[in-house]
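Fold and geometry: a report
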Amino acid sequence: MIAQHPAIRRYGTAAIAEVAREIARGGIVAVPTETVYGLAADATDAAAVARIYAAKGRPGFNPLIVHVPDLAAAERIAVFDAEARALAARWWPGPLTLVLPLRRDAGIAALVTAGLDTIALRVPAHRAMRALLEACGKPLAAPSANASNGISPTRAEHVAASLGERVPLIVDDGACAAGVESTIVMAGRILRPGPITAEQLGLPLAASEGKVSAPGQLATHYAPSKPLRLNAVSGAPGEWLIGFGAVVGDDTLSASGDPVEAAARLFDALHRADASDPAAIAVAPVPEAGIGAAINDRLRRAAHR
Ligand code: TXA
Ligand code: MG
């Protein structure tokens, strides 16, 4: 059998028209957002959504985030209270996901929410995802465009390497600016730390252990294929060291110790570490403040096996 490779299209009018046609006929496409690349399908088309789960090899109980162009579109799908509306007004478009009560008449495929009576919604800021939402006029379900339990993709090449022929089309618009998945908020608590920090939101982090409310926050969600050691100040023999600040390694999250740069480079660095010769990975400590909470959350998951 001849291996099929996905078509990678540079972002532009022609690329968006092509992927919108693919979405309209029930297909799946990979498209960048400001956080990570997403694997998108029409959220009102159950068969299309099933193709996302199949391509990712994702467990059926793990619900997907739905992307919409604006707050008005979001309010047609979920019930907003004053607090949710204030968060949306302040942070959308941007890397904030709100989990809210689902409107049963919104036409969202049940597979999207995996049977929950809530739905995760966000209004993305990235030009490619926004152009696709406008072109297809449908809410788009889009988890990160990687095989289940793999490293999230922050470049088109990561998507191609992880999903291969399981995704027919990828829109390439370079590296994602934020580099970690959106912050998820439900009922005044942060279910998943992300680019918008707990400090910025003024909200507490929900205790994550054993949470049924965020099934995707499984401990092993972000695992590379090798063992990973945290808080390493130097590399041991046989380790690929990812540095930060003063800890100089084979690679660095940020030589200047900038946590925002580190978040943007995190998954790229994990992909490089996974592809390197050494059998193990070590990562320098990253301060927990601000977006550091999201970086350390992803690193702990990557280390858990
Ligand atoms: O930045 C992002 O959010 C990226 C880009 C592509 O937009 N998307 C993303 O989606 O990370 P995904 O499907 O990989 O992550 C969905 C997360 C999972 O942790 C899932 O459990 C949680 O959202 N989730 C979805 N619906 C939920 C719900 N109704 N209640 C609680 N958690 C929910
Ligand atoms: Mg993911």
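What you see is a predicted model; the values in this text were computed from it and never measured.

Some remarks on the overall build of the protein chain
Looking only at helices and strands, the protein chain features 10 helices and 14 strands. Here the C-alpha atoms of the protein chain give a radius of gyration of 19 Å, agreeing with the 19 Å that 2.2 N^0.38 yields for 305 residues. On the principal axes, the C-alpha backbone points of the protein chain span a range of 55 × 50 × 30 Å. The proportion of buried residues among the 305 residues of the protein chain is 55%. For the protein chain, the exposed surface amounts to about 12500 Å²; the carbon and sulfur share of it is 56%. Counting 29 positive and 29 negative side-chain charges, the protein chain places the centres of these two groups 3 Å from one another.

Observations concerning the pairing of strand E6 (residues 118-122)
Among the 5 residues of E6, 4 are classified as buried, and the element is accordingly described as predominantly covered. In this structure, strand E4 (residues 65-67) lies alongside E6, joined through 3 bridges in parallel fashion. Each residue of the ladder has a partner; that of Ile 65, found in E6, is Ala 120. Here strand E5 (residues 96-101) pairs with E6 via 4 bridges, running antiparallel. What sits directly across from Leu 100, in E6, is Ile 119.

A closer look at the packing of aromatic side chains
According to the stated counting rule, one finds 1 aromatic pair in the structure shown. Over the ring of Trp 91 we find Arg 90; its NZ or CZ atom is 3.9 Å from the centre of that ring.

Observations concerning the sheet that holds strand E13 (residues 251-252)
Taken together, the 4 strands give an open sheet; going across it, the order is E11-E14-E12-E13, and neighbouring strands pair in parallel fashion. Edge positions in the sheet fall to strand E11 (228-229) and E13, since each of these pairs with one other strand and no more. Relative to strand E14 (residues 280-283), E11 runs parallel, the two being bridged by 2 bridges. The residue of E14 that forms the bridge with Arg 229 is Ala 282.

So, the nonpolar core
Residues Phe 80, Trp 92, Leu 96, Leu 98, Val 112, Leu 121 and Leu 201 are the most contacted members of the largest nonpolar core, which totals 48 residues. Counting residues per element, the ones that place at least two in this core are strand E3 (37-42), helix H2 (46-56), helix H3 (71-75), helix H4 (82-91), E5, E6 and helix H7 (156-163). Per-element tally for this core: the top contributor is H2, with 5 residues. Not counting residues up to four positions away in its chain, the partners in contact with Trp 92 are Leu 71, Ala 74, Phe 80, Leu 87, Leu 98, Leu 121, Arg 122 and Val 123. Among the nonpolar cores identified, the runner-up in size contains 29 residues, and Phe 244, Ala 262, Leu 270 and Leu 299 belong to it.

Topic: the pairing of strand E9 (residues 183-186)
On E9, burial covers both faces: Thr 183 and Val 185 on one face and Ile 184 and Met 186 on the other are all buried. Strand direction decides the pairing type here: E9 and strand E10 (residues 189-192), joined by 3 bridges, are antiparallel. For Met 186, the partnering residue across the bridge sits in E10 and is Arg 189. Here E9 hands over to E10 after 2 residues, with Ala 187 in that stretch at a positive phi of 50 degrees.

Digging into the domain arrangement of the protein chain
Each assigned domain of the protein chain is listed here: domain 1 (7-180) and domain 2 (228-303). Distance between the C-alpha centres of domain 1 and domain 2: 27 Å. The largest share of the area that domain 1 buries against domain 2 comes from Ile 151, His 158 and Val 180, three residues that together contribute 61% of it. At the boundary of domain 1 and domain 2, one finds 1 salt bridge. Notably, a salt bridge pairs Arg 155 with Asp 268, separated by 2.9 Å at the nearest N-O pair. In this assembly, domain 1 and domain 2 are joined by 4 residue pairs in polar contact (both at pLDDT 80 or more). For the side of domain 1 that touches domain 2, the per-class residue count stands at 7 nonpolar, 4 polar and 1 charged.

Things to note about unusual backbone geometry
That bond from Trp 92 to Pro 93 is cis: its omega, -5 degrees, falls within 30 degrees of zero. Look at Asn 149: it is not a glycine, yet its phi comes out positive at around 75 degrees. By the secondary structure assignment, Asn 149 is in the loop between strand E7 (140-141) and H7. Unusually for a residue other than glycine, Asn 231 sits at a positive phi of about 55 degrees.

Regarding empty space enclosed by the protein
All told, the structure shown has 2 cavities of 30 Å³ or more when counted by the stated rule. Volume-wise, the largest cavity comes out at about 50 Å³. Around the largest cavity, the lining residues are Ile 190, Pro 193, Gly 194, Ile 196, Thr 197, Ala 198, Glu 199, Leu 205, Gly 290, Ala 293 and Ala 294. Secondary-structure elements contributing two or more residues to the lining of the largest cavity are helix H8 (198-201) and helix H10 (292-303). Broken down by class, the residue content of the lining of the largest cavity amounts to 7 nonpolar, 3 polar and 1 charged.

Procedures and definitions
Residues numbered from 1 in each chain as written. Chains lettered and ligands numbered in written order. Predicted model: local features only at pLDDT ≥ 70, side-chain atom pairs only at ≥ 80, totals over all residues. Heavy atoms only, no water. Helix = DSSP H or I, 4+ residues; strand = E, 2+ residues; numbered from the N terminus. Rg over C-alpha atoms; globule rule 2.2 N^0.38 Å. Buried < 20%, exposed > 50% of the residue type's maximum accessible area, 1.4 Å probe, protein only. Areas by Shrake-Rupley, 256 points an atom, 1.4 Å probe, with all protein chains shown as cover. Lys, Arg positive; Asp, Glu negative; His and termini not counted. Charge placed at Lys NZ, Arg CZ, Asp CG, Glu CD. Pairing = 2+ DSSP bridges. Phe/Tyr/Trp six-rings, centres within 6.5 Å; stacked < 30°, edge-to-face > 60°. Lys NZ or Arg CZ within 6 Å of the ring centre and 35° of its normal. Core = buried A, V, L, I, M, F, W, Y, C linked by side-chain atoms within 4.5 Å. Contact = heavy atoms within 4.5 Å. Domains from an automatic or database assignment. Buried area = accessible area lost by both parts, 1.4 Å probe. Salt bridge = Lys/Arg side-chain N within 4 Å of Asp/Glu carboxyl O. Polar contact = N/O pair within 3.5 Å; in protein donor to acceptor, adjacent residues only side chain to side chain. Nonpolar A, V, L, I, M, F, W, Y, C, P; charged D, E, K, R; others polar. 1 Å grid on protein atoms, 1.4 Å probe; cavity = no way out; pocket = protein on both sides within 12 Å on 5 of 7 lines; lining within 4 Å. Points joined across faces, edges and corners; volume = space filled by probe spheres on them.

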